[in-house]
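Here's the letter readout for the chains.
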Amino acid sequence: MALPSYASAGQKIWHYSFLTICGLIFFFLIFPIMVIIPLAFNAQDFFTFTPEMLRLQADGYSLKHFNDFFNNPDWYRPLYNSLKIAPMATIVSVSLGTLAAIGLSQSHVPYRRVIMAILISPMIVPLIISAAGMYFFYSWIGLQGTYWGVVLAHAILGIPFVIITVTATLVGFDKSLTRAAANMGAGPVRTFFKVQMPLILPGVISGGLFAFITSFDEVVVVIFVGSVGQKTLPWQMFTGLREQISPTILAAATVLVTISILLLITVELLRRRSERLRGMSQG
Amino acid sequence: MSEPTTTATMQAADGTPLKVSLARALRRQKMRALLLIAPLLGFILLGFVFPIGQMLFRSVENDVVRDTLPTTIEALENWDSTSNEAPPEEVFAALAADLQVAVDTKAHTVLGRRLNFEYSGITTLFRKIGRDVEDWDLATDGPFAPRFEDSDDEWLDPDLWRAVLAYSDRYTSGYYLAAIDKTMVNGVIESRPADQSLHLMLFGRTAWMSVLICFCTLLLGYPIAFLLATLKARHANLLLILVLLPFWTSLLVRTSAWKVLLQEQGVINDLLVAIGLLADDGRLQLINNKLGVIIAMTHILLPFMILPLYSVMKTIPPSYVRAAKSLGATDWTAFWRVYFPQSVPGIGAGAILVFILAVGYYITPELVGGPSGSFISNRIAYQWSGAGNWGLVGALGAILLVAVLILYWVYDKIVGIDNVKLG
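What you see is a predicted model, and the numbers here were worked out from it, not measured in a lab.

Caption draft 1: Summary view of the overall build of chain B. Within chain B, the secondary structure is distributed over 19 helices and two strands. C-alpha extents for chain B along the principal axes are approximately 100 × 95 × 35 Å. In chain B, which comprises 423 residues, the proportion classed as buried is 40%. Taking contacts inside chain B between residues at least 6 apart in sequence as the whole, the part at least 24 apart equals 69%.

Caption draft 2: Examining the overall build of chain A more closely. Secondary structure summary: chain A contains twelve helices and zero strands in total. Whereas a compact globule of 283 residues would reach a radius of gyration of roughly 19 Å, chain A reaches 24 Å, over 25% beyond that. C-alpha atoms of chain A, sized along the principal axes, occupy 70 × 70 × 30 Å. Taking all 283 residues of chain A together, the buried fraction comes to 43%. Of all intrachain contacts in chain A linking residues separated by at least 6 positions in sequence, the fraction that spans at least 24 positions is 75%.

Caption draft 3: Examining the confidence of the model for chain A more closely. Taken residue by residue, chain A gives an average pLDDT of 87. The fraction at 70 or more is 97%. When pLDDT is averaged over each helix and strand of chain A, the minimum, 76, is found for helix α2 (residues 51-54) of chain A and the maximum, 93, for helix α4 (residues 73-104) of chain A.

Caption draft 4: Structural detail: the domain arrangement of chain A. All names here are of chain A. Taken domain by domain, chain A holds domain 1 (9-60) and domain 2 (72-277). Between the C-alpha centres of domain 1 and domain 2 there is a distance of 33 Å. Counting from both sides, the interface comprises eight residues of domain 1 and, opposite them, six residues of domain 2. Taken together, the residues that form the side of domain 1 that touches domain 2 break down as six nonpolar, one polar and one charged.

Caption draft 5: Structural detail: the environment of lysine 12 of chain A. All names here are of chain A. With respect to the helices and strands, lysine 12 occurs in helix α1 (residues 9-40). You can call lysine 12 exposed: it has 11 C-beta atoms within 10 Å. Excluding residues that lie within four positions of it along the chain, lysine 12 makes contacts with Leu3 and Ala7.

Caption draft 6: Representation of the domain arrangement of chain B in the model. Splitting chain B by domain gives domain 1 (63-172) and domain 2 (199-419). Placing a centre on the C-alpha atoms of domain 1 of chain B and another on those of domain 2 of chain B gives a separation of 51 Å.

Caption draft 7: View of the packing of helix α12 (residues 251-262) of chain B against helix α14 (residues 290-313) of chain B. Residue and element names in this part refer to chain B. Running from N to C, α12 and α14 cross one another at 140°; their axes reach a closest spacing of 10 Å. Here α12 is positioned oblique relative to α14, judged by the angle of their axes. In this structure, α12 crosses over α14, and the sense of that crossing is right-handed. Where α12 abuts α14, its residues Leu251, Arg254, Thr255, Trp258 and Leu262 lie against Gly292, Ile295, Ala296, His299 and Ile300. A per-class count over the contact of α12 with α14 returns six nonpolar, three polar and one charged.

Caption draft 8: How the structure looks around the environment of serine 121 of chain A. Inspection of the secondary structure assignment puts serine 121 of chain A in helix α5 (residues 112-124). Through-space distance from the C-alpha of serine 121 of chain A to that of isoleucine 159 of chain A is 9.5 Å; in sequence the pair is 38 residues apart.

Caption draft 9: Here's a closer look at the interface of chain A and chain B. Facing the 77 residues of chain A at the interface are 76 residues of chain B. Listed by contribution, the elements that provide at least two residues to the side of chain A that touches chain B are α1, α4, α5, α6 (127-140), α7 (147-171), α9 (188-217), α11 (233-242) and α12 (248-277) of chain A. Looking at the side of chain A that touches chain B, the element that brings in the most residues is α1 of chain A, giving 14 residues. When its residues are assigned to classes, the side of chain A that touches chain B shows 61 nonpolar, 13 polar and three charged.

Caption draft 10: Seen up close, the nonpolar core. Among the nonpolar cores identified, the biggest contains 163 residues, and Ala132 of chain A together with Val354 of chain B are the most heavily contacted of them. Among the elements that line this core, the one with the most residues is α14 of chain B, at 15 residues. Membership of the second largest hydrophobic core comes to 30 residues, among which are Ala94, Tyr119, Val164 and Ala166 of chain B.

Caption draft 11: Quick look at unusual backbone geometry. All names here are of chain B. Located in the positive-phi region is aspartate 181, a residue other than glycine, with phi close to 60°. Assignment of secondary structure puts aspartate 181 in the loop between α9 (174-179) and β1 (182-185). For asparagine 288, which is not a glycine, the phi torsion comes out positive at approximately 60°. Here asparagine 288 shows up in the loop between α13 (267-274) and α14. Residue class for asparagine 288 comes out partly exposed when judged on the 19 C-beta atoms lying within 10 Å of it.

What counts and how
- Each residue is numbered by its place in its chain's sequence as written, counting from 1.
- Here every chain gets a letter starting at A, and every ligand a number starting at 1, in the order they are written.
- The predicted origin of the model limits local features to residues at a pLDDT of at least 70 and limits the giving and counting of side-chain atom pairs to 80 or more, whereas totals for whole chains, interfaces and linings rest on all residues.
- Each helix corresponds to a stretch of at least 4 residues labelled H or I by DSSP, and each strand to a stretch of at least 2 residues labelled E; elements are numbered beginning at the N terminus.
- Here a residue counts as buried when 20 or more other C-beta atoms sit within 10 Å of its C-beta, as exposed when there are 12 or fewer, and as partly exposed otherwise, the C-beta atoms being derived from the backbone.
- Contacts here follow a simple rule: the backbone-placed C-beta atoms of the two residues must lie within 7 Å.
- In this description the radius of gyration comes from C-alpha coordinates, and the expected globular size is given by 2.2 Å times residues to the power 0.38.
- pLDDT runs from 0 to 100 and stands for how confident the predictor is about each residue.
- Domains are outlined according to an automatic or database domain assignment.
- Side-chain classes are defined by residue name, with Ala, Val, Leu, Ile, Met, Phe, Trp, Tyr, Cys and Pro counting as nonpolar, Asp, Glu, Lys and Arg as charged, and the others, Gly among them, as polar.
- Only the stretch in contact is used when fitting a helix axis, every axis being a line fitted to C-alpha atoms; angles between N-to-C directions are given from 0 to 180 degrees.
- Note on angle classes: values under 35 degrees are labelled roughly parallel, values over 145 roughly antiparallel, values of 65 to 115 roughly perpendicular, and the remainder oblique.
- Handedness of each helix crossing follows the sense of rotation of the near helix against the far helix: counterclockwise by less than a right angle gives left-handed, clockwise gives right-handed.
- By definition, a nonpolar core groups buried Ala, Val, Leu, Ile, Met, Phe, Trp, Tyr and Cys residues that are joined through C-beta atoms within 7 Å.

Next comes the structure, spelled out in structure tokens:
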């Protein structure tokens, strides 16, 4: 939005103050996340910048909180648990979710709206209600406090994201491609893996990353459905924040922010690739 | 001119009428689509919808009184519950008999816990009488009323018996009444005393704070979405990453960031002291109150406002505003009368989404809210883990869920769930 050369002084003032306001809002969005990173390198056990850090002296910084994060069983066990639960939950939600999204994108699906509303509902229902409901049900069928109980619960929470991203990719999918494949004698399975899958793969992977981050970041349901044996990283952070706040939490947060940045970049690249494949890119 | 009459119907290659053939093909297509959806739908229905329904059922279910004290309830039917006298001896005899059975399975402690929600202190009475009743001989040790009185004279309190009678039905509205701070006394609904009336206040607080958060996200989100929509696609995509990064960052990371920033010895207070705006002993209380929750949740939910706004604003053609200006409208009029009305669907979509997510929030109010900033979800969690009052969890959950589902339905009507965009 460039300013035209004939803009009046008032318009100029308004234009630049608008940009300043936007800059401040972006600052509000990003600053809290970014401020955690330098604080994690604090040599002291404080949650604020020490005078040494502000003077950029080397002895104001240290890796000791990261050291603690990777060597203290209170922290690396939850990290390990999270890394064990999230991929399995992702596999379950992506495989079932992709099939359902393909089904939903067919042209004549009865009750499509209702089905869609049910499949998206885990995203909408307050977590505390889902968690309490799942707790009673999973205790009843004997899955409460087990690895698979948590995996299934997390898979359910990830499904709306898979459905949303994959159906969005399928909107631009050219159905004549599958018809052409069928015309040339490919069976439905072969058509799916050779024609449809490669084209919707970016959407499927993004959906998978969403499902992964949902599980990796989830705390309420795992507290209800899991037991101490399935204590995940967010759970440990949650107890840490509620009870005794230790600076190691900043190191954990920094690791998580790094993971999110990597995932975000991957999703962005995939989205662009998918738009290019479907010829929808604007440049 | 007459219509050409076709007596012979069109036929497909195999000789079946085309209509039949088409219907069959469509049916097969529908079946295939449903088969693809079925595994996931089954999974969600069984693993999500059914458990929630089952939990909500606990809010009306009330088997424990009738199952543990079947003969007592029967005997109580003959007692005039409006009188100010204790029930007759036969009731106490029946209670002794019921308790002897219940003590074996420890069912009397479960019963005591259940009735304690209505008549506080009754847990202890049941535990005490449970120990005594084991030694009684039902045939010879009567009358039992004095024996109960020996254990604790509260057993003769008609209020206690009225509580037992009030909760003797298999289904109860008691939890719902408790959820809206009411109680049933002798069939009359009364308000609970002020020190037990938390829920309506919490529902109210959750609602108005969610509205406030909605408003704050709109205030901050609108300029950003407007900027993104008017920039060139390349620049907009770059800035969009700044919006998406918080969206992708762990909720706990963002909440802990705010906890670190806002606490009394935190970065913001330090900064304000350093530049001399605050005295060192006058540090602001930014956390463990409503303000902390509003700041943190506005930050956390802001992307959910920006993304729907942006996707609507992207579709508003810039030529409309230009046309308005060339017809003599000022910048403000062109924006307010032409651009803004076209962005209202985006505001609706974003506001409903943010509101739906905000009313159900648990983690952020729990960590930065303190007692004055807690939401209804925190109360539900407390009733679940602290008090173990599962019926009340169901009732509070049902009220919250109904509110959310109504908004979800409105959202579906206005925006359509298919149009939810995630970046």
